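Residues per chain are reported as follows:
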Amino acid sequence: MTRTTPPRPVDIAQVFPELREHTLVATRLHPRPGAPTVNDSSVGGPLLWPADEPWPMCDASSHDTATLLRPQTVRRRRAILGAAWARTRRGEPLQITDEERAALPDTDASEPHYLARQPIAMVPVAQLYRRDVPGLTTDLLQVLWCPLDHDDLEYCPRILLRRRRAADVTTVLQDPPEPVVVNDDYLPEPCVVHPEQVREYQYADLLPPGLAGRIREWDEDDLYFGALSVASGWKVGGFANWNLSDPRPMDCEECGTAMRLLLRVDSAEWDGEGSWRPVEDADNGEFLSLQSPSTPTAVVIGRGYSLWIFTCPVSDDHPHRTAMQ
Ligand SMILES: [Zn+2]
Ligand SMILES: [Zn+2]
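Note that the structure is predicted; figures quoted are calculated from it, not measured. (Residues numbered from 1 in each chain as written. Chains lettered and ligands numbered in written order. Predicted model: local features only at pLDDT ≥ 70, side-chain atom pairs only at ≥ 80, totals over all residues. Heavy atoms only, no water.)

1. Examining the pattern of salt bridges
With the rule as written, the count across this model stands at 20 salt bridges. Here aspartate 168 and arginine 165 are joined by a salt bridge, their closest N and O atoms 2.9 Å apart. When salt bridges with common partners are traced through the structure, they connect Arg87, Arg90, Glu92 and Glu100 into a single cluster. (Salt bridge = Lys/Arg side-chain N within 4 Å of Asp/Glu carboxyl O.)

In structure tokens, the structure reads:
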């Protein structure tokens with residue numbers, strides 16, 4: 001099924017033609033739970049990874065060890081809660097049976113902290129083929145992360161980007177290693193994606209001040225931030241929001257060039273206002289709850305924020321940067 005963003009409430013470029021100089025096309029990924037293969041673009045799905053290439057491990061000494069869970073514990077918990085949610089869609093109340101309650105892992109408990117002091121296998125976050133996501137610099141982009149908080153990275157997972165040509169992978173790694181422990185917010189559910197291109201406009205504070213001021217004056221209903229400028233949910237390209245801090249320059253540490261947004265990892269695909277909820281999901285009422293239509297990936301960044309990954313337009317070899325907003 002395709003996913004279609006509803007028309008924007010206003011064609012803002014008609015109202016402010018100068019915005020045509022501050023616009024980009026982004027690709028919303030619209031991840032939804034599924035069973036992607038290594039040959040599909042996906043979020044949290046299996047990667048087309050060469051059998052003879054070592055799987056990346058994170059040996060950072062900066063792992064924050066608040067709550068550590070084994071991946072199988074996280075999956076068992078999600079399966080039980082997911083079944084309970086599925087029953088509500090058949091009209092039953094949200095209730096967990098005694099049997100389910102007995103099987104539900106205690107997520108307040110943590111595995112021992114020493115487990116995070118050993119190398120942690122990174123987990124697949126996204127695999128994107130250029131045939132699905134126009135504008136990628138390579139045939140295949142793979143995004144992995146270390147699924148723990150890193151206290152030197154704004155308490156975010158550590159990102160690894162791998163770019164390759166699919167045709168170069170002749171023998172695919174069958175059973176990639178799994179991390180011993182994870183932060184459950186960073187273990188994405190396997191999702192297929194439904195890429196859709198949408199038009200975005202620069203974050204208001206980064207527009208020329210005169211234009212931004214006129215938009216603010218016009219914007220009685222606060223539409224620009226929430227519904228007109230930057231798309232909600234997981235997306236490739238376009239602009240970043242800076243709603244937790246003032247915008248800070250994202251310049252390449254290698255060459256000083258202004259970086260571009262590569263990927264937004266979002267905690268929800270749409271918020272309560274529902275402006276960015278695809279028309280195909282209009283009947284799915286509830287939001288912001290585990291396994292709900294708006295949180296298909298189960299990834300949570302901070303208190304429901306986004307992780308923004310920026311890359312250098314000069315060279316893919318220059319290091320990426322991230323921001324949590
Ligand atoms: Zn790590
Ligand atoms: Zn650079």
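2. Section: the packing of aromatic side chains
Using the criterion set out here, one finds five aromatic pairs in the structure. Ring geometry for phenylalanine 16 against tryptophan 218: centres 5.8 Å apart, planes inclined by 90°, an arrangement best described as edge-to-face. Taken together, the residues phenylalanine 16 in the loop between α1 (12–15) and β1 (23–28) and tryptophan 218 in helix α4 (residues 209–218) connect sequence positions 202 residues apart. Owing to a relative accessible area of 29%, tryptophan 218 belongs among the partly exposed residues under this scheme. Above the plane of the ring of tryptophan 276 lies arginine 8, whose end atom (NZ or CZ) is 3.9 Å from the centre. Its end group placed over the ring of tryptophan 49, arginine 164 keeps NZ or CZ at 4.6 Å from the ring centre. (Phe/Tyr/Trp six-rings, centres within 6.5 Å; stacked < 30°, edge-to-face > 60°. Helix = DSSP H or I, 4+ residues; strand = E, 2+ residues; numbered from the N terminus. Buried < 20%, exposed > 50% of the residue type's maximum accessible area, 1.4 Å probe, protein only. Lys NZ or Arg CZ within 6 Å of the ring centre and 35° of its normal.)

3. Notes on the coordination of the zinc ion (ligand 1)
The zinc ion (ligand 1) binds to the protein through Cys58 (SG), His63 (NE2), Cys146 (SG) and His150 (NE2); the donor distances cover 2.0 to 2.3 Å. Seen from the zinc ion (ligand 1), its four donor atoms lie at angles of 102 to 115°, and the figure they make is tetrahedral. Spacing between the donor residues of the zinc ion (ligand 1) along their common chain follows C-x4-H-x82-C-x3-H. Remark: histidine 150 occurs in strand β8 (residues 140–150) and histidine 63 occurs in strand β5 (residues 63–64); sequence separation between them is 87 residues. (Donors = N, O, S within 2.8 Å, 3.2 Å for Na, K, Ca; no water. Tetrahedral: all angles 85-135°; square planar, octahedral: opposite > 155°, others 65-115°.)

4. Description of the pairing of strand β9 (residues 156–164)
As paired elements, β8 and β9 share eight bridges and run antiparallel to each other. Residue leucine 144 lies in a different strand from β9, and its bridge partner there is leucine 160. In textbook terms, the turn of a hairpin is the stretch between consecutive antiparallel strands, and for β8 and β9 this stretch comprises five residues, one of which, glutamate 154, has a positive phi near 55°. (Pairing = 2+ DSSP bridges.)

5. Describing the domain arrangement of the chain
As far as domains go, the chain holds domain 1 (1–30 + 194–325) and domain 2 (37–69 + 110–191). For domain 1 and domain 2, the distance between their C-alpha centres works out to 23 Å. On the side of domain 2, 25 residues touch domain 1, which itself brings 24 residues to the contact. Counting the surface lost from both domain 1 and domain 2, the interface buries some 2,000 Å², and carbon and sulfur atoms represent 69% of this. Taken together, domain 1 and domain 2 are joined by two salt bridges. Taking the shortest distance from any N to any O, the salt bridge between arginine 248 and glutamate 154 comes out at 3.5 Å. Going through the elements one at a time, β13 (260–266), β14 (306–311) and β15 (321–324) are the ones with two or more residues in the side of domain 1 that touches domain 2. Classifying every residue of the side of domain 1 that touches domain 2 by side-chain character gives 16 nonpolar, six polar and two charged. (Domains from an automatic or database assignment. Contact = heavy atoms within 4.5 Å. Buried area = accessible area lost by both parts, 1.4 Å probe. Nonpolar A, V, L, I, M, F, W, Y, C, P; charged D, E, K, R; others polar.)

6. Regarding the environment of alanine 298
Considering the arrangement of structural elements, one finds alanine 298 in the loop between β13 and β14. Of the residues examined, alanine 298 reaches a relative accessible area of 15% and is grouped as buried. Taking the C-alpha atoms as reference, alanine 298 lies 21 Å from leucine 161; in sequence the two are 137 residues apart. The residues contacting alanine 298, other than those within four sequence positions of it, are Arg78, Asp184, Asp185 and Glu189.

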